[in-house]
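Commentary on secondary and tertiary structure
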Amino acid sequence: MAELKTEAEALEELGLADMAPDDAIRCAFRQRLKQVHPDLNGGTDTQLRRLILARDMLIPDSNISAKRTDFFKQFDIEQVRTDRAYALHISLHQALFGGRITMDVPALEFAEADPPLASLIETRHLHIILPPGLRDESVVSLTCDANPRQWLFRIHIEAGSECRVWGDDIWMTARVENRFLRGGGQTTIETPQGPQHINIDPRTPSGASLRLRGQGLPATETAPAGDMHIRLEACPDSVRPLGRVLTDFRQRWAS
């Protein structure tokens, strides 16, 4: 259905022929509500949304109503009801270790009292408990603080520019000094799982990859632990103290 653009369209939506007092608009709104509400007579969320917008267009002197209407427009409620899951964007750190996140979601509720200018568009402020090991694009049932019901969410992991998540695995790029790629040795790199000590073989080409088994997304009841794939990218050598250079030389000589 097209969006309402004029007062004439809003009046037609409410079943009114001409502009009427606020009380008459509210009365017409309540009558039409009984016909289109999804939880009462099998209406659709699109019809309910148009009805709410028509009422708010004709009684526009409520800042609260306007703010709620703007918030409601951000969500595709038909898609939410179809998928039965809200899109939940989390960081890679949260996917690995779990945690808590807050999210506002729209909730359509039928108010018998119908206070003056109270919109049917309500929001719930959810405090969501995240378990470790959430997978990208998975649909999961999560618990929210102070709320007994389970909520369905479709997970979207935002890994950033340096990492990617594919299935259970994490793929990342690490910059390693040229001297390690030429001569080999052990170095430490930062990963989403924390610092990792890796051994590099001599004459390793830039662009080669290492695989750290079990260092991807953690195992869950339905998925195994993933691996971490690290692409080694050469970077210029740093200036090191002479003592450190001699120590590295002795270690390589002894091996």
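This is a predicted model, so every value here is computed, not measured. (Residues numbered from 1 in each chain as written. Predicted model: local features only at pLDDT ≥ 70, side-chain atom pairs only at ≥ 80, totals over all residues. Heavy atoms only, no water.)

A word on the overall build of the protein. Summing up its helical and strand segments, the protein has nine helices and 11 strands in all. The buried share of the protein, taken over its 255 residues, is 40%. Here the contacts in the protein between residues at least 6 apart in sequence split such that 55% fall between residues at least 24 apart. (Helix = DSSP H or I, 4+ residues; strand = E, 2+ residues; numbered from the N terminus. Buried < 20%, exposed > 50% of the residue type's maximum accessible area, 1.4 Å probe, protein only. Contact = heavy atoms within 4.5 Å.)

Pairing in this open sheet of four strands is mixed, and the strands run S6-S7-S11-S10 from one edge to the other. Of all the strands in the sheet, the pair left with one neighbour each is strand S6 (163–166) and strand S10 (209–212). Strand-to-strand twist in this sheet, taken as the mean axis angle between neighbours without regard to direction, amounts to 25 degrees. Sheet topology note: the S10/strand S11 (residues 228–235) ladder contains four bridges and is antiparallel. Following the sheet pairing, Leu212 is matched in S11 by Met228. (Pairing = 2+ DSSP bridges. Axes fitted to C-alpha atoms, helices over the stretch in contact; angles between N-to-C directions.)

Moving on: the environment of Gln196. With respect to the helices and strands, the residue Gln196 is situated in strand S9 (residues 194–200). Sequence separation of Gln196 and Leu212 is 16 residues, and the distance between their C-alpha atoms is 9.4 Å. In this structure Gln196 touches Thr187, Thr188, Ile189, Thr191, Leu212 and Gln215, once residues within four positions along its chain are discounted. A polar side-chain atom of Gln196 sits 3.3 Å from a polar atom in the side chain of Gln215. (Polar contact = N/O pair within 3.5 Å; in protein donor to acceptor, adjacent residues only side chain to side chain.)

Turning our attention to the pattern of salt bridges. Within the structure shown, the criterion is met by 11 salt bridges. Residue Glu13 pairs with Arg50 through a salt bridge whose shortest N-O separation is 3.1 Å. Here Glu13, found in helix H1 (residues 7–14), pairs with Arg50, found in helix H4 (residues 45–58); they are 37 residues apart in sequence, far enough to count as distant. Accessibility classification places Glu13 together with Arg50 in one group, the buried group. The partner of Arg179 in a salt bridge is Glu177, with the nearest N and O atoms 2.7 Å apart. (Salt bridge = Lys/Arg side-chain N within 4 Å of Asp/Glu carboxyl O.)

This next bit is on the side chain of Asp227. Its place among the elements puts Asp227 in the loop between S10 and S11. A distance of 2.9 Å separates the side chain of Asp227 from the backbone nitrogen of Gly214, its partner in a polar contact. Beyond its immediate stretch of four places on either side in the chain, Asp227 contacts Asp168, Asp169, Ile170, Arg211, Leu212, Arg213, Gly214, Gln215 and Gly216.

Take the environment of Leu48 next. With respect to the secondary-structure elements, Leu48 resides in helix H4. Expressed as a C-alpha distance, the spacing of Leu48 and Val36, which sit 12 residues apart in the sequence, is 6.0 Å.

Attention now moves to the packing of aromatic side chains. Here the distance between the centres and the angle between the planes together describe a pair of aromatic rings. All chains considered together, the criterion is met by one aromatic pair. When the centroid spacing of 5.5 Å and the interplanar angle of 50 degrees are considered together, the rings of Trp166 and Trp171 count as tilted. Sitting above the plane of the Phe29 ring, Arg55 keeps its charged end 4.4 Å from the centroid. (Phe/Tyr/Trp six-rings, centres within 6.5 Å; stacked < 30°, edge-to-face > 60°. Lys NZ or Arg CZ within 6 Å of the ring centre and 35° of its normal.)

Mapped onto the fold, Ser138 is located in the loop between strand S3 (121–130) and strand S4 (139–144). Note on Ser138: relative accessible area 19%, which makes it buried. Discounting residues that sit within four places of it in the chain, Ser138 has contacts with Phe153, Arg154 and Ile155.

The subject of this paragraph is helix H2 (residues 22–36). Helix length check: H2, at 15 residues, gives a terminal C-alpha distance of 21 Å against a target of 21 Å (1.5 Å per residue), a fit within 8%. Among the residues of H2, those classed as buried are Ile25, Arg26, Ala28, Phe29, Arg32, Leu33 and Val36. For H2, the arc enclosing every buried residue in end-on projection is 165 degrees, short of the 170-degree limit, so these residues lie on one face. (Expected span 1.5 Å × (residues − 1). Arc of directions from axis to C-beta.)

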